Amino acid sequence: MNSDTLVKEAIVADVKKIVSEDQVVTDYEALYDASSDRYRKYAKAKRVLDNPIPTAVVYPKNAEEVKELLMYANENGINVIPRSGKTATEGGLENWKDLALVIDGSKMNKIIKIDPYNMQATVEAGVRLQDLEDELRKIGYTTGHSPQSKPVAQYGGLVSTRSIGQFSTLYGGIEDMVVGLECVFPNGHISRIKNVSRRAGGPDIRHIVIGNEGTLCYITEVTVKIFKHYPDNNKFFGYLVNDVETGIKVLREVITNGYRPSVARTYSPEDARQHFYHFYEDKCVLIFMAEGPEGIVEATGKGIEEAVEKFKDGVYKQVDSQLIANWFNQLNWTQQTIDDEVQGMIDNDKHDGYTTEVSADWETITKIYNNVIDRIRNEYPRAKDLTMLGGHSSHSYINGTNMYFVYNYDINCEPEDEMRIYHHPIQAIIVEETLKLGGSMCHHHGIGKYRNEWTKQEHQSAYYMLETLKEAFDPKGIMNYGNIYPVQEGYKYQK
Ligand SMILES: Cc1cc2nc3c(=O)[nH]c(=O)nc-3n(C[C@H](O)[C@H](O)[C@H](O)COP(=O)(O)OP(=O)(O)OC[C@H]3O[C@@H](n4cnc5c(N)ncnc54)[C@H](O)[C@@H]3O)c2cc1C
């Protein structure tokens, strides 16, 4: 038995003294699964991952156990990867250290309190979003949060990645929903941020935790706002438009006039083909959903129609709203969908697909879109292998919107080379063009481990603040090594 194995066995024995034996998993399949996330899904499915597997996956049952585990890891310099629903897309769960504990919060899954009078709900961080949503729907309320991963993602991950849902134009992103929370730092300190409607008690410390991607602290409890739900009033609108620019102009008109449809999206024709092949007619697709009390829905609908009328020269035609309603009903991914995709890759696929989501102001977003598409088509050496290249804007704000680039390709190389030959160069073009024009390289998936090479460019002089947070809260650097913050050791996996 070599010394590495002895060290790992000693760690597992120690951890079993902190929690009970049945809370510690060390079988090879579980560790292989825990060594990465959906970022390198093809290499993972083909079993050619080259990064270390973690030492153990641990399932704490409460904040006290999380505290003991973090203190142990901190004292012994062991990497900690916080884990929730495992839907991370940017390498946030990938392990780059020989000694690592994956701390999985999914056994902390109690809905602690639903408080309709004060319009908030408190959950342990391992509660699945779908489970809280189902409970709220029974009493006429909603979380307002609906990422496509809703059936699987849990609150720890949702908060930690600054996730956003399909109805964000009305309800906001997770950062607009979190009222208070509890989190544990590597030195064992437990902080509780209290639940108040607003305060001016110094900087908003929730934002140190929201989006930390497991690099500063472990989230154990979350309180979120809840909303009254009026599903019977929902109205859908769909149009075919001539180009992305017109679609974005209509979105801008609706939002800047003060309307808040819950859904406001424009798809490029290539992306529209994936979603609306039965009616898109080679055009861009523009969709809206209005929800809320009847009067608001009616006014929002009128606002949408007025905006469409203003840009009618670029609008090809309106489509049956039922087509849009039907599409929404099958949009979310379940665990089964995720598993089926992986199985497809194991069985036969030599094909993969990715997304890179960026944001910018209204003026810039179309320029970014055009520059990116142009560069990928003309500069990328494997452009002939692309089976799809396009994008959509799906989250809009008073001062701008996002662009969700989508690209699929045939894999004509060994599985271990896929990311270097295909995904990385395409993602690099998207990030470069976005940063060059002043946008943000990551609208909602987080930085993870595969966009950290651009973190300093993303934040520029404000990187000082990000770096100082890491030094203050995680001085020994045990929290999710390689996430957000660039590290030399990561380069071999990235390029
Ligand atoms: C099919 C699919 C659709 C998606 N759609 C969307 C979408 O519409 N909108 C969107 O925003 N995202 C989307 N995502 C991305 C992903 O679902 C989100 O990032 C989600 O918030 C991750 O939650 P999770 O519970 O799965 O977290 P995990 O994947 O387990 O972890 C994500 C990150 O959070 C950290 N983390 C996890 N738990 C904790 C904790 N308790 N404390 C501290 N850090 C923690 C992890 O270390 C990791 O870096 C999608 C992903 C998939 C696979």
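Criteria and thresholds
- Residues numbered from 1 in each chain as written.
- Predicted model: local features only at pLDDT ≥ 70, side-chain atom pairs only at ≥ 80, totals over all residues.
- Heavy atoms only, no water.
- UniProt positions renumbered as here; feature names shortened; annotations may be inferred.
- Near = heavy atom within 4 Å.
- Polar contact = N/O pair within 3.5 Å; in protein donor to acceptor, adjacent residues only side chain to side chain.
- Areas by Shrake-Rupley, 256 points an atom, 1.4 Å probe, with all protein chains shown as cover.
- Helix = DSSP H or I, 4+ residues; strand = E, 2+ residues; numbered from the N terminus.
- Nonpolar A, V, L, I, M, F, W, Y, C, P; charged D, E, K, R; others polar.
- Domains from an automatic or database assignment.
- Core = buried A, V, L, I, M, F, W, Y, C linked by side-chain atoms within 4.5 Å.
- Buried < 20%, exposed > 50% of the residue type's maximum accessible area, 1.4 Å probe, protein only.
- Contact = heavy atoms within 4.5 Å.
- pLDDT = per-residue confidence, 0-100.
- Expected span 1.5 Å × (residues − 1).
- Pairing = 2+ DSSP bridges.
- Axes fitted to C-alpha atoms, helices over the stretch in contact; angles between N-to-C directions.

In the annotation of an unreviewed UniProt entry, the protein chain is listed under the name FAD-binding PCMH-type domain-containing protein and assigned to Candidatus Enterococcus ferrettii. Entered under Sequence similarities (unreviewed entry) in the UniProt record, the comment concerning the protein chain runs "Belongs to the FAD-binding oxidoreductase/transferase type 4 family."

In the vicinity of the ligand there are 33 residues, among which Pro82, Ser84, Thr87, Ser149 and Ile164 approach most closely. Between the ligand and threonine 161 there is a distance of 2.8 Å, counted from an oxygen atom to a side-chain nitrogen or oxygen. A distance of 3.5 Å separates a nitrogen atom of the ligand from a polar atom in the backbone of glycine 214. In isolation the ligand exposes 970 Å². Once the protein is present, 96% of that is buried. Contributions of two or more residues to the shell around the ligand are made by strand E3 (79–83), helix H6 (155–160) and strand E10 (218–225). The class makeup of the residues in the shell around the ligand is 11 nonpolar, 18 polar and four charged. Here the shell around the ligand spans two domains, since at least three of its residues come from each of domain 1 (3–106 + 473–494) and domain 2 (107–228).

Attention now moves to the nonpolar core. Core analysis: the largest hydrophobic core is formed by 52 residues, its most contacted members being Tyr239, Phe288, Ile376 and Phe405. Looking at this core element by element, the count peaks at seven residues for helix H15 (residues 362–379). In terms of domain composition, this core takes at least three residues from each of domain 1 (3–106 + 473–494) and domain 3 (231–328). Aside from chain neighbours lying at most four places away, what touches tyrosine 239 is Cys284, Val285, Leu286, Phe288, Ile304, Glu305, Val308, Val315, Lys317, Gln318 and Val319. Residues Leu136, Phe167, Cys183 and Val319 belong to the second largest nonpolar core, which totals 45 residues.

Within the protein chain, residue pLDDT values average 96, and 100% of them lie at 70 or more. Ranking the elements of the protein chain by mean pLDDT puts helix H19 (residues 491–494) last with 81 and E10 first with 99.

A rise of 1.5 Å per residue sets the reference length of helix H4 (residues 63–76), with its 14 residues, at 20 Å; its end C-alpha atoms lie 20 Å apart and thus fit the reference within 8%. Looking at H4, one finds that the buried residues are Ala63, Glu65, Val66, Leu69, Leu70, Tyr72, Ala73 and Asn74. One side-chain oxygen at the N-terminal end of H4 lies 3.2 Å from the backbone nitrogen of glutamate 64; it belongs to asparagine 62. After H4 finishes, the residue glycine 77 shows a positive phi value of roughly 60°.

The subject of this paragraph is the sheet that holds strand E2 (residues 56–58). Ordered by their spatial adjacency, four strands build an open sheet running E1-E2-E4-E3, and the pairing between neighbours is mixed. Two strands close off the open sheet at either side, each with one partner strand: strand E1 (24–25) and E3. Sheet topology note: the E1/E2 ladder contains two bridges and is antiparallel. Looking at the pairing, valine 24 lines up with valine 58 of E2.

The next subject is unusual backbone geometry. Generally, phi is negative for residues other than glycine and the peptide bonds are trans, each holding for most cases. Even without a glycine there, the phi angle at arginine 162 is positive, about 55°. The topology assignment puts arginine 162 in the loop between H6 and helix H7 (168–171). Classification of arginine 162 as partly exposed rests on a relative accessible area of 32%. Of note in this structure, aspartate 282 is not a glycine but carries a positive phi near 65°. Position of aspartate 282 among the secondary structure elements: in the loop between helix H11 (269–276) and strand E14 (284–290). The class for aspartate 282 is exposed, based on a relative accessible area of 59%.

A sheet is described by the order of its strands in space; here five strands give the open sequence E5-E6-E10-E8-E9, paired in antiparallel fashion. Each of the sheet's edge strands pairs with one partner strand only, and the pair in question is strand E5 (111–115) and strand E9 (190–193). Adjacent strand axes in the sheet meet at a mean angle of 10° when their direction is disregarded. On top of the sheet, helix H5 (residues 129–138) reaches E5, strand E6 (120–124) and E10; it is set at about 35° to E5, its chief contact.

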